[in-house]
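For reference, the chains in residue letters:
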Amino acid sequence: MTPEPAVQQTNPEKGLTIRQKQAAQIERLMEDRSAKLLQVMPEGMNPDRFVRTTLIAVARDPNLLDCTPESLVTAIFEAAECGIEPTGSLGRGYLVPIKDHGVPKAEFWIGYPGLIELAMRSKLVSKVWSRPVFKGDVFEVRYGTDDKIIHKPQLGAE
């Protein structure tokens, strides 16, 4: 009788750096919650693309890997709920590492292009524009029955 060969179990994380292990943990958390992620995303959004671009954004900022996994996943879910990829590259949304009483946590911050996108998606807004305001410009906001924003740039001023 010949002995059966020993079953060799492989550990896919063996030999990985701490950062690579942290990234793999976040990827597993996202995969485990992919069904729930799909439930919060707006209709028409591509969940595979969202997960892929989000993981790239996380890999780009090593400080995000120091954040609590729960806070990072929560921030990612907030981005998904808004339908904004938190890549930062288009300025629509960002995953931002912060310190909350000394504990590193992640937050989802929406940029002004993301706010414009949400406003346009609502179908309640037909036009959005923005202009820079510089020191010395006259900038006034009036509220009331006839709301107005008055901006008079000081052209030619430094």
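Basis of the calculations
- Residues numbered from 1 in each chain as written.
- Predicted model: local features only at pLDDT ≥ 70, side-chain atom pairs only at ≥ 80, totals over all residues.
- Heavy atoms only, no water.
- Axes fitted to C-alpha atoms, helices over the stretch in contact; angles between N-to-C directions.
- Helix = DSSP H or I, 4+ residues; strand = E, 2+ residues; numbered from the N terminus.
- Parallel < 35°, antiparallel > 145°, perpendicular 65-115°, else oblique.
- Left-handed = near helix turned anticlockwise from the far one by under 90°.
- Contact = heavy atoms within 4.5 Å.
- Nonpolar A, V, L, I, M, F, W, Y, C, P; charged D, E, K, R; others polar.
- Buried < 20%, exposed > 50% of the residue type's maximum accessible area, 1.4 Å probe, protein only.
- Salt bridge = Lys/Arg side-chain N within 4 Å of Asp/Glu carboxyl O.
- Phe/Tyr/Trp six-rings, centres within 6.5 Å; stacked < 30°, edge-to-face > 60°.
- Lys NZ or Arg CZ within 6 Å of the ring centre and 35° of its normal.
- pLDDT = per-residue confidence, 0-100.
- Lys, Arg positive; Asp, Glu negative; His and termini not counted.
- Polar contact = N/O pair within 3.5 Å; in protein donor to acceptor, adjacent residues only side chain to side chain.
- Expected span 1.5 Å × (residues − 1).

## Re the packing of helix H1 (residues 18–32) against helix H4 (residues 69–82)
A packed helix pair is summarised by two numbers, namely the angle formed by the two axes and the spacing between the axes.
Right, on to step 1. Viewed as axis vectors pointing N to C, H1 and H4 meet at an angle of 50°, and their least axial separation amounts to 11 Å. Relative to H4, the element H1 is oriented oblique. In this structure, H1 crosses over H4, and the sense of that crossing is right-handed. Between H1 and H4, the contacting residues are Gln25, Ile26, Leu29 and Met30 on the first element and Pro69, Leu72, Val73 and Ile76 on the second.
Right, on to step 2. Considering only residue class, the contact of H1 with H4 consists of 7 nonpolar, 1 polar and no charged.

## A short note on the side chain of Thr54
Right, on to step 1. If you trace the backbone, Thr54 turns up in helix H3 (residues 47–60).
Right, on to step 2. Exposure remark for Thr54: the relative accessible area of 0% places this residue in the buried category.
Right, on to step 3. For Thr54, the residues in contact, after removing those within four places along its chain, are Met30, Ile76, Pro86 and Leu95.

## Side note on the pattern of salt bridges
Right, on to step 1. As enumerated under the stated definition, the model contains 6 salt bridges in all.
Right, on to step 2. Salt-bridge contacts for Arg92 lead to Glu117; the nearest nitrogen and oxygen are separated by 3.2 Å. Here Arg92 is found in the loop between H4 and strand S1 (93–100), whereas its partner Glu117 is found in helix H5 (residues 112–121), with 25 residues between them in sequence.
Right, on to step 3. Judged by relative accessible area, Glu117 falls into the partly exposed class, the value being 23%.
Right, on to step 4. With its nearest N and O atoms 2.6 Å apart, the salt bridge here joins Glu117 to Arg121. Of this pair, Glu117 and Arg121 are both found in helix H5, 4 residues apart, which corresponds to roughly one turn of the helix.
Right, on to step 5. Given a relative accessible area of 36%, Arg121 falls into the partly exposed group.
Right, on to step 6. Shared partners join several salt bridges into a network, and the residues in it are Arg92, Glu117 and Arg121.

## Focus: the packing of aromatic side chains
Given two aromatic rings, their pairing is described by the distance between the two centres and the angle made by the two planes.
Right, on to step 1. One pass over the full model with this rule turns up 0 aromatic pairs.
Right, on to step 2. A cation over a ring is seen here: Lys127 above Trp129, with NZ or CZ 5.1 Å from the ring centre.

## Considering the confidence of the model for the protein
When pLDDT is low, close inspection of the predicted coordinates is not appropriate.
Right, on to step 1. In this model, the protein carries an average pLDDT of 86, and 90% of its residues clear a pLDDT of 70 or more.
Right, on to step 2. Across the protein, element-level confidence peaks in strand S2 (residues 103–110) with a mean pLDDT of 97 and bottoms out in H1 with 80.

## With respect to the side chain of Asp137
Right, on to step 1. If you trace the backbone, Asp137 turns up in the loop between H5 and strand S3 (138–142).
Right, on to step 2. With no salt bridge to any partner, buried Asp137 finds its closest opposite charge in Arg131, at an N-O distance of 10 Å.
Right, on to step 3. A polar contact of 2.9 Å, which involves the side chain of Asp137, links it to the side chain of His151.
Right, on to step 4. Within the structure, Asp137 has its side chain in polar contact with the backbone nitrogen of Gln154 (distance 2.9 Å).
Right, on to step 5. Not counting chain neighbours up to four residues away, the residues in contact with Asp137 comprise Pro132, His151, Lys152, Pro153 and Gln154.

## Let's talk about H3
Right, on to step 1. Compared with the 20 Å implied by 1.5 Å per residue over 14 residues, the 20 Å span of H3 between its first and last C-alpha is a close match.
Right, on to step 2. What H3 keeps buried is the set Phe50, Thr53, Thr54, Leu55, Ala57 and Val58.
Right, on to step 3. In this structure, the buried side of H3 is in contact with H1, helix H2 (34–40), H4 and S1.

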